[in-house]
Amino acid sequence: MTGYRSLARNRDFTRLWVGEAVSQLGTAATLFVFPLLGYALTGSALQAAIPVAAYTLGIALALLPAGVIADQLDRRRLLMGASAVGLVLSTSIGIAGLLGSLSLTHLVLVALGTGAVAGIYMPTELSAVRTVVTRAELPTAISQNQARHHVASLLGGPLGGAMYAVARPLPFLVDAVTFAVSLVSVSRVRTDLSPTERARSTPGRELVEGLRYLLARPYFRASAAFSAAFNLVVNAVLFVAVLRLAQAGVPSTTIGLVEAFAGAGGVVGALVAPYLVDRVRTGHLTVAAAWIWVPLLVPLAFWSSPWVVGPVLCVGLLLNPAGNAASQSYRVAITPDELQGRLASSSQFLAFVTIPLAPLLGGWLLETFGAASAVLALLVLAVLAALIPTLTPAIRTVPRPRDWPTLAQATAPTVISATTP
């Protein structure tokens, strides 16, 4: 498999990666600040949560139509347009904050719009990566994308908190600068990112075509079901673990250290992901990433010490980047170019749609059954989620990247399910 050094010589991928890495860091900082600023404006914990909910809603609403747009328009211009909109939205919050005229309504609308920008950017950039890298570079490229996500998650909170302490509008003004960096970086991509020439239909039919392609193929169908279930369970576990610490009176600084443990696990996992993807069968790696949480949830049912929770979350996230990189790379590699945007958006939408439900599930289990029973219930759900790839030959038997089927072999619905190691 092509390593980091070889991929670093791919200037167009580097431009895409750097631009989005900077932008993700800025967005992670503002996401940390959204509830703080919402609470400062209203004094209500419930209303403080509205901007965060609006951001996730914006992503969900934009993902599916974004796939259709990404398969119809020049992807470089689409990425630049999304960055420009993000720049304007963040700047509006910064200016309103400096003028002392910021309102909750303004904050919520910007959060919704910024989420929509992210929802458009996600499938479009993934489609662009498929164009600018070779098949051999693809797993490493997606692993590096996983790394930047975890680094942004690790650094965004502390960075946002520090800037907020200096001046409330500062995180948004800095985020506007990061959107500008992304815009300039993407504008320098030289590879032709225009869509494949093909007969086109109405947007509604285009969207349905992408969903039908996904649902007609065992690998895509089972992967979507697994991603939705897995994301629900893991995010509920993270919520329950952190909330239990807060209920136990653990200082916020210590809770922050626990979250740093989790972020560090993701970063380390992303760094070793290319080597795991190259050496372990993709199907086996997906199954391993699914089952790793099952034994780790047992100690969480009996101990809520931060010195237990932190290492558990760290280990639990170690295989997540490799599993994601392997499965995403395989999906991108076997998807026709004219369907890249729609397959990416459909898969991401189905994987994302359960995440907003995770805190509600975790909170309900905690409040109704107590901490230990809540974790045990999530343990049962983790087992059920892990059984999906384990019992699905279309996932379990996917080989290493060097043995992946060619695009021509993979386009038929029956071939994917017959893939052998």
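Conventions and cut-offs
Residues numbered from 1 in each chain as written. Predicted model: local features only at pLDDT ≥ 70, side-chain atom pairs only at ≥ 80, totals over all residues. Heavy atoms only, no water. Phe/Tyr/Trp six-rings, centres within 6.5 Å; stacked < 30°, edge-to-face > 60°. Helix = DSSP H or I, 4+ residues; strand = E, 2+ residues; numbered from the N terminus. Buried < 20%, exposed > 50% of the residue type's maximum accessible area, 1.4 Å probe, protein only. Lys NZ or Arg CZ within 6 Å of the ring centre and 35° of its normal. Expected span 1.5 Å × (residues − 1). Bend = angle between axes of the 7 residues up to and from the residue. Axes fitted to C-alpha atoms, helices over the stretch in contact; angles between N-to-C directions. Left-handed = near helix turned anticlockwise from the far one by under 90°.

Participant: Residue-level account of the packing of aromatic side chains, with values.
Facilitator: All told, the structure shown has eight aromatic pairs when counted by the stated rule. Seen from their ring centres, Phe34 and Phe172 are 5.7 Å apart, and the 55 degrees between their planes marks the pair as tilted. Of this pair, Phe34 sits in helix α2 (residues 11-42) while Phe172 sits in helix α8 (residues 170-187), and the two are 138 residues apart along the sequence. We classify Phe172 as buried; its relative accessible area is 1%. Centre to centre, the rings of Phe226 and Phe230 are 5.3 Å apart; their planes meet at 35 degrees, and the pair counts as tilted. Of this pair, Phe226 and Phe230 both sit in helix α10 (residues 218-247), separated by four residues, roughly a single helical turn. Using a relative accessible area of 10% as the deciding quantity, one classes Phe230 as buried. Counting every residue linked through ring pairs, the aromatic cluster contains Tyr213, Tyr219, Phe220, Tyr330 and Trp404. Just above the ring of Tyr213 sits the side chain of Arg217; from NZ or CZ to the centre is 3.7 Å.

Participant: Break down helix α4 (residues 50-70) for me, with residues and values.
Facilitator: Spanning 21 residues, α4 covers 29 Å between terminal C-alpha atoms, matching the ideal 30 Å at 1.5 Å per step. The largest bend along α4 reaches roughly 40 degrees and is located at Leu63, with the proline Pro65 sitting one to four residues downstream.

Participant: An account of the packing of α2 against helix α7 (residues 138-166) is requested, with residue identities and associated values reported.
Facilitator: Their axes nearest at 7 Å, the elements α2 and α7 cross at an angle of 35 degrees. When the axes of α2 and α7 are compared, the crossing they make is right-handed.

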